Amino acid sequence: MAEPDIVLYGTNWCSDCKRSKKFFGEQRVAYKFVDVDSDAEGLALVERINDGKHVIPTIVFGDGSNLVEPSNAQLAAKLGLQTTAKCQFYDLIIVGSGPAGLTASLYTAREGIETLVIERGGVGGQAGVTERLDNFPGFPEGVTGADFADRLRAQAERFGVEILSAQEVTRVSIDGQYRVVNTADGGEYRAWAVLLALGSTYRRLGIEGEDDFLGAGVHFCATCDGPFYRGQDVVVVGGGNSAGEESIFLTKFANKVTIVTRDEHLSASKIVAEKVGENAKIEVVTNASPVAFKGKDHLDRVALKDTRTGEERELGAAGVFVFIGLSPNVGMVKDLVKMDNLGFITTDASLQTNVPGIFAAGDVRAGSTKQAASAAGEGAAAALAIRRYVEPLASGMPNAEAG
Ligand SMILES: Cc1cc2nc3c(=O)[nH]c(=O)nc-3n(C[C@H](O)[C@H](O)[C@H](O)COP(=O)(O)OP(=O)(O)OC[C@H]3O[C@@H](n4cnc5c(N)ncnc54)[C@H](O)[C@@H]3O)c2cc1C
């Protein structure tokens, strides 16, 4: 495989390096990481670019140009990503480009509903960063998350959907018959309807060392960070499907993967649990919870507590991957729409929230099944309800429901 032509010079402890790495990971852009703590040539190059100073991340691109401590907006501009919409008004604005958002978009755009999708990360959502989808209908051999996301994007764009990426929606509000969407760069867009396809985010443990070693041994995405642990021992926290599947993925790189679950056995599906059991590189430690992540500049061990006896012990690990569930991404709409007691957005049968013209679909919706195929299905169902809502408004019919 050809060497990536983007080289990120940084360290494992620098938070801006981690942010840039995450950005490239989300955008599925290949890059090479050079740790200037251990690579003298890399350090010399950083100092040469920065007039003798040690400023990281310093990112060198294939065309010979470089960016030093870039913001995500600068990185997006350098990669040529579209972060600003062409118009101020659309029939429909979809927030989130996972399977729910993109499926809805291709349905609506195909029917002539002008659709803008705004995505804060990379196109494809969680499905896009999943190593492999084995259970999405129509892919008998399975499909990599990246390929799946690229296909969805191409299909949506074929029908004329406009997609912004690396652009966060900071507010959704109502102005009479219009729904208003504000973005992190100060942009404001209006539409007849908004679909919240916001998905969920990895839940954190909230234990000592979790923040300190973020990106320096503590990770939430095996696809993004697993390859850093080639030949080393890693720990996976959690006992569900994500923990099981990602542990199997990590065995491609790691020497050994220890799954730590507080329960008596894995709660993953039978198939996943069996695959874990068959993998000689995976050990499962039950009835145990991590209580601290420890190390110096980088995590090197995990303190575990026996959930039955309270006894503590330490387990050596170069990295730990936490897969303990998801929290809905609802921060910017929490004062706008109704949610259940876990914070997932509630809707009626047509997937409309309590606010007319604001719909929700996929993992962010209360009662959703947290699967790519069902998220896509909800996207399609929402699109049909949105069409019924938008068409009278767009054609100026007096019985339009907005208000
Ligand atoms: C590790 C892992 C493995 C999985 N494996 C499988 C599998 O094998 N099979 C399967 O069916 N499912 C699998 N899933 C679940 C599947 O990926 C999800 O169910 C699916 O992606 C949900 O789709 P969604 O569109 O609802 O949300 P998401 O895919 O989460 O997309 C939501 C998008 O909204 C964006 N967003 C959120 N807030 C904002 C904002 N304020 N502004 C702009 N954008 C915003 C997010 O960045 C995200 O891209 C897996 C998930 C994970 C994490």
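Throughout, a residue's number is its position along its own chain's written sequence, starting from 1. Side-chain atom pairs in this predicted model are given and counted only at pLDDT of 80 or more, local residue features only at pLDDT of at least 70, and totals for whole chains, interfaces and linings cover all residues. For the side-chain quantities, the full set of heavy atoms in the structure was used; hydrogens and water were omitted.

### Comments concerning the overall build of the protein
A helix here means a DSSP run of H or I that spans at least four residues, while a strand means a run of E at least two residues long, and both kinds are numbered starting from the N terminus. Each helix and strand counted, the protein has ten helices and 23 strands in total. For the protein, the C-alpha radius of gyration of 23 Å lies close to 22 Å, the compact-globule estimate for 403 residues. Here the C-alpha coordinates of the protein stretch approximately 70 × 55 × 40 Å along the principal axes. Categorising residues by exposure relies on relative accessible area from a 1.4 Å probe, with only protein chains included: less than 20% of the type maximum marks a residue as buried, more than 50% marks it as exposed, and the intermediate range marks it as partly exposed. Counting every position in the protein, which comprises 403 residues, the buried fraction comes to 49%. Each radius of gyration reported is based on C-alpha atoms, and the globular scaling rule is 2.2 Å times the count of residues to the power 0.38.

### Digging into the sheet that holds strand 15 (residues 233-237)
Taking strand neighbours across the sheet as the criterion, the five strands line up as 14-21-15-16-17 in an open arrangement whose pairing is parallel. Of all the strands in the sheet, just strand 14 (218-219) and strand 17 (282-285) have a single pairing partner and so form its edges. A pair of strands counts as paired when DSSP detects no fewer than two bridges linking them. Pairing of strand 14 with strand 21 (residues 319-322) involves two bridges; the strand directions are parallel. Directly across from Val218, in strand 21, lies its bridge partner Val320. The contact criterion used is simple: two residues touch if any of their non-hydrogen atoms lie within 4.5 Å. Between N-to-C directions, angles cover 0 to 180 degrees, with each direction set by a line fitted to C-alpha atoms, over the stretch in contact for helices. Relative to strand 15, helix 8 (residues 241-250) is tilted by about 170 degrees, and along the sheet it contacts strand 15, strand 16 (256-260), strand 17 and strand 21.

### A short note on helix 2 (residues 40-49)
Residues adjacent in sequence count toward polar contacts only when both atoms are side-chain atoms; beyond that, a polar contact is any pair of N or O atoms within 3.5 Å, and within protein one must be able to donate a hydrogen and the other to accept it. For helix 2, the side-chain oxygen to backbone nitrogen distance between the N-cap and Glu41 is 3.1 Å, and the N-cap itself is Asp39. Phi turns positive one or two residues past the end of helix 2, at Asp51, with a value near 50 degrees.

### A few points about the pattern of salt bridges
Within this document, salt bridges are pairs made up of a side-chain nitrogen of Lys or Arg and a carboxyl oxygen of Asp or Glu, the two lying within 4 Å of each other. With the rule as written, the count across this model stands at 18 salt bridges. The salt bridge partner of Glu111 is Arg387, with a shortest N-O separation of 2.7 Å. Residue Glu111 is found in the loop between helix 4 (99-110) and strand 6 (115-118), and its partner Arg387 is found in helix 10 (residues 372-394); the two are separated by 276 residues along the sequence. Note that Glu314 is salt-bridged to Arg301, the shortest N-O span being 2.8 Å. Placement of the pair is Glu314 in strand 20 (residues 312-316) and Arg301 in strand 19 (residues 299-306), with a sequence separation of 13 residues. Taking relative accessible area as the criterion, Glu314 reaches 42% and is therefore assigned partly exposed. In this structure, a network of salt bridges that share partners links the residues Lys294, Asp300, Arg301 and Glu314.

### Brief notes about the side chain of Thr183
By the secondary structure assignment, Thr183 is in strand 11 (residues 178-183). A distance of 2.6 Å separates polar atoms of two side chains, one belonging to Thr183 and the other to Asp185. Setting aside residues up to four positions removed in sequence, Thr183 forms contacts with Ile118, Gln167, Glu168, Val169, Thr170 and Tyr189.

### Considerations on the side chain of Thr115
In this fold, Thr115 is placed in strand 6. Within the local environment of Thr115, its side chain forms a polar contact with the backbone oxygen of Ile113, the two atoms lying 2.7 Å apart. Setting aside chain neighbours within four positions, we find Thr115 in contact with Tyr90, Leu92, Ile94, Ser105, Thr108, Ala109, Val161 and Glu162.

### A few points about the nonpolar core
Throughout, nonpolar core names a set of buried Ala, Val, Leu, Ile, Met, Phe, Trp, Tyr and Cys residues whose side chains join them through atoms within 4.5 Å. Formed by 36 residues in total, the largest nonpolar core has its most connected members in Leu195 and Ile386. Elements with a contribution of two residues or more to this core: strand 5 (89-95), helix 4, helix 6 (145-158), strand 12 (188-196) and helix 10. Leaving out residues up to four positions away in the same chain, Ile386 has contacts with Leu92, Ala193, Leu195 and Phe359. Membership of the second largest hydrophobic core comes to 25 residues, among which are Leu164, Val172, Val181 and Val355.

### Some words on the environment of Ala73
Structurally, Ala73 can be placed in helix 3 (residues 72-79). Accessibility expressed as a relative area gives 55% for Ala73, which makes it exposed. Considered as a pair, Ala73 and Gly367 are 294 residues apart in the sequence and their alpha carbons are 35 Å apart.

### Points about the sheet that holds strand 20
Spatially, 18-19-20 is the arrangement adopted by the three strands of the open sheet, whose pairing is antiparallel. The open sheet has two free edges, formed respectively by strand 18 (288-295) and strand 20, since each of these has just one partner strand. Direction aside, the axes of adjacent strands within the sheet are offset by 30 degrees on average. As defined by bridge partners, strand 18 adjoins strand 19 across seven bridges and the pair is classed as antiparallel. From the neighbouring strand, Ser289 faces strand 19, where its bridge partner is Lys305.

### Side note on the pairing of strand 2 (residues 32-35)
Relative to strand 2, strand 1 (residues 7-10) runs parallel, the two being bridged by four bridges. Opposite Val7, over in strand 2, you have Lys32 as the bridge partner. Orient the strands so they point away from the viewer; a crossover is then right-handed if the path from the first strand over the helix to the second runs clockwise. The parallel pair strand 1 and strand 2 is bridged by helix 1 (residues 15-26), and the resulting crossover is right-handed.

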